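Structural characterization, general
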Amino acid sequence: MTAKNPENSAAVAANTFFKTLLKKYGVLIATFVLMVIFSFATPAFMTSRNMLMLLRQISMLTMVSIGMTFVMAAGGFDMSVGYAIGLINVTVAMALKSGMGVFLSLVLALLVGMGVGSLNGVLVSFIGLPDFIGTFAVGSIAFGLKMMVTRGNPIMLWDAPEGFSFIGQGYVGAVPFPIILMITAIVLTSFVMKYTRLGRRLYYIGGNKTAALYSGINVKRYRFLSFVISGFCVAVTSIILTSRVGSGQPLAGEEYLLDAISAVFLGMTMFGEGEPNVPGSFVGAFLIGMLTNALTLMNVAYYFQYITKGVAVILAVTVSIISRSKE
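Residues numbered from 1 in each chain as written. Predicted model: local features only at pLDDT ≥ 70, side-chain atom pairs only at ≥ 80, totals over all residues. Heavy atoms only, no water.

**Description of empty space enclosed by the protein**
The following threshold applies: Residues are called lining when one of their atoms sits within 4 Å of a cavity or pocket point, these points coming from a 1 Å grid over the protein atoms alone, where a cavity is a set in which a 1.4 Å probe fits but cannot get out and a pocket is an open set with protein on both sides within 12 Å along at least five of seven lines. Grid points are joined across faces, edges and corners, and a volume is the space filled by probe spheres set on the points.
Per the counting criterion, the structure on display carries 1 cavity of 30 Å³ or more. Taken as a whole, the largest cavity encloses approximately 40 Å³ of empty space. Considering the residues around the largest cavity, the lining is formed by 13 residues, among which S80, A84, V116, G231 and V234 are closest to the centre.

In structure tokens:
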């Protein structure tokens, strides 16, 4: 009988530990490393003022990513989010400018968002269109509608009600209100995804749709609900955006699609063992926002920011795939 080599056992244990650490927290580690690098590259990066600004900037991306997390947990994609944000943006601006009032304008925004999500859900869950085709078609309709009503011209809110402006520009003490909304959304949706029947069944469906169906889960209904939740999150994002910029911009929101999908994929490399999860999506959104923020402070050209962001996403997801394939 061959005696075990203590050195080999220690090496195997260390290798297993580092693989587990990389698999679950690789993106988080990379985020901290980049924060250290950026803090040396530009002194303004780690200031409290800039950190609050960064968190406020990513509040909207985090909201969209939360909605995308629900959809992707059920094994789907929502390609309409960018165009839907723009549609709701101009809808809210038009409603406020017509004198509808803050409350009714917010209700209208949420209804439009959930309406877009419901249309996605019907096409994908009940009619059976592929996610990419069905949601992209809905996004195309949203794009056409917002261009039709605005003719491509912005809708300026020079005298927006103070209550509405507070949503995107206000502070509670020293903390911007969008950050409070973001934290609240993260806590609530994390609880829903982890501890409620809705969250558990979305994961079952995303893991194995056929098995979920045979176990008695109403797959169509839950996938439909995931799209409605995504539409609600899109509406909240658009409300914050409209309040921040003080206008309805026909081309607003289009950049959020790729960033939201990237944030969710980045988040899947941690916490959730390969599954979409809200805390991970927040970290992914933070990483994407941090790259843009730091490179802007460093006066890096905008086109290089896109390149850097794309490379970072590719590297993070690739490392995750490689680490899992070796298990």
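**Topic: helix α11 (residues 256-267)**
Convention followed: Only DSSP runs of H or I with at least four residues qualify as helices, and only runs of E with at least two residues qualify as strands; both kinds are numbered from the N terminus onward. Residue count minus one, scaled by 1.5 Å, sets the expected span of a helix. Burial status follows relative accessibility: with a 1.4 Å probe on protein chains alone, a residue under 20% of its type maximum counts as buried, one over 50% as exposed, and anything between as partly exposed.
Between its first and last C-alpha atoms α11 spans 16 Å; for 12 residues at 1.5 Å apiece the expected length is 16 Å, and the two agree. Judged by how many residues are buried, α11 sits mostly within the fold: 10 of 12 residues are covered. Of all the positions in α11, only Y256, L257, D259, A260, I261, S262, A263, V264, L266 and G267 are classed as buried.

**Considering the packing of aromatic side chains**
Spelled out, the test is: The pairing test for Phe, Tyr and Trp rings, Trp by its six-membered ring, is centres within 6.5 Å, and the orientation test on the planes gives stacked under 30 degrees, edge-to-face over 60, and tilted for anything in between.
According to the stated counting rule, one finds 9 aromatic pairs in the structure shown. Measuring from ring centre to ring centre gives 6.3 Å for F77 and F265, while their planes differ by 35 degrees; the resulting arrangement is tilted. Linking F77 in the loop between α2 (48-73) and α3 (81-97) with F265 in helix α11, this pair joins segments that are 188 residues apart in sequence. Under the relative-accessibility criterion, F77 is labelled buried at 19%. Measuring from centroid to centroid gives 5.1 Å for Y83 and F143, while their planes differ by 55 degrees, and the two rings are tilted. One end of the pair, Y83, is in helix α3; the other, F143, is in helix α5 (residues 131-150), and 60 residues separate them in sequence. Look at Y83 and you get partly exposed, because its relative accessible area is 24%. The exposure class assigned to F143 is partly exposed, which follows from its relative accessible area of 29%. Among the aromatic side chains, those forming a connected cluster through ring pairs are F77, F132 and F265.

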